[in-house]
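# Residue-level structural notes
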Amino acid sequence: DKGSGAGQSTSLIVGLGDYQGGELVVEGEVKDIRYRPVEFNGWTERHWTLPFTGQRFSIVWFTPRGLERQQALLSRGVSFPVVAASLP
C-alpha cells in the first residue's frame, strides 16, 4: 500500500510460501516476515517490501481508524453482531 494506509494503526504481517527475498522494510529496518509475524504501525511508520522470487502470499491484519473504541469494548465483554459476506 506504499505505506499510506489512511487511518490504520497497528498492523501485523506475515509472509507465506516458497520464496526468497521479500523482506519488509519499516522505517529503514529490514525485517524477515517469512513465517515470522511482524507488528508495526502501518499509519505512522513508512514501510515497503523488498523484491522477491518464487511464490509469496502475504497476510496483513490492521485496525482501521475508529475501531479502537470497539476493541476496548470487546476487551470488557461487549459483543457486536457479525455480518457474513458471501463470496462468488
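See above for the structure.
As the structure is a computational prediction, the values presented were derived from the model and not from experiment.

### Describing the overall build of the protein
- Along the protein, the regular secondary structure elements total one helix and six strands.
- Within the protein, buried positions represent 25% of all 88 residues.
- In the protein, once contacts between residues fewer than 6 apart in sequence are set aside, the share between residues at least 24 apart is 64%.

### Regarding the sheet that holds strand β1 (residues 10-21)
- Reading across the sheet, the three strands line up as β4-β1-β6 and stay open at both edges, with antiparallel pairing between neighbours. The two strands at the open ends of the sheet, each matched to only one other strand, are β4 (38-41) and β6 (52-62). Across the sheet, the axes of successive neighbouring strands diverge by a mean angle of 30°, strand direction being ignored.
- In this sheet, β4 lies alongside β1 in antiparallel orientation, the contact comprising four bridges. Across the sheet, the residue bridging to L12 is E39, located in β4.

### Side note on unusual backbone geometry
- A positive phi is found at E27, a non-glycine position, where the angle reads about 50°.
- Looking at the element boundaries, E27 is found in the loop between β2 (24-26) and β3 (29-31).
- Phi is positive for Y35, which is not a glycine, with a value near 60°.
- Inspection of the secondary structure assignment puts Y35 in the loop between β3 and β4.

The rules behind each value
- Residues numbered from 1 in each chain as written.
- Predicted model: local features only at pLDDT ≥ 70, side-chain atom pairs only at ≥ 80, totals over all residues.
- Heavy atoms only, no water.
- Helix = DSSP H or I, 4+ residues; strand = E, 2+ residues; numbered from the N terminus.
- Buried < 20%, exposed > 50% of the residue type's maximum accessible area, 1.4 Å probe, protein only.
- Contact = heavy atoms within 4.5 Å.
- Pairing = 2+ DSSP bridges.
- Axes fitted to C-alpha atoms, helices over the stretch in contact; angles between N-to-C directions.

Note that every value here comes from positions in space, so none of it alone points to a role or purpose.
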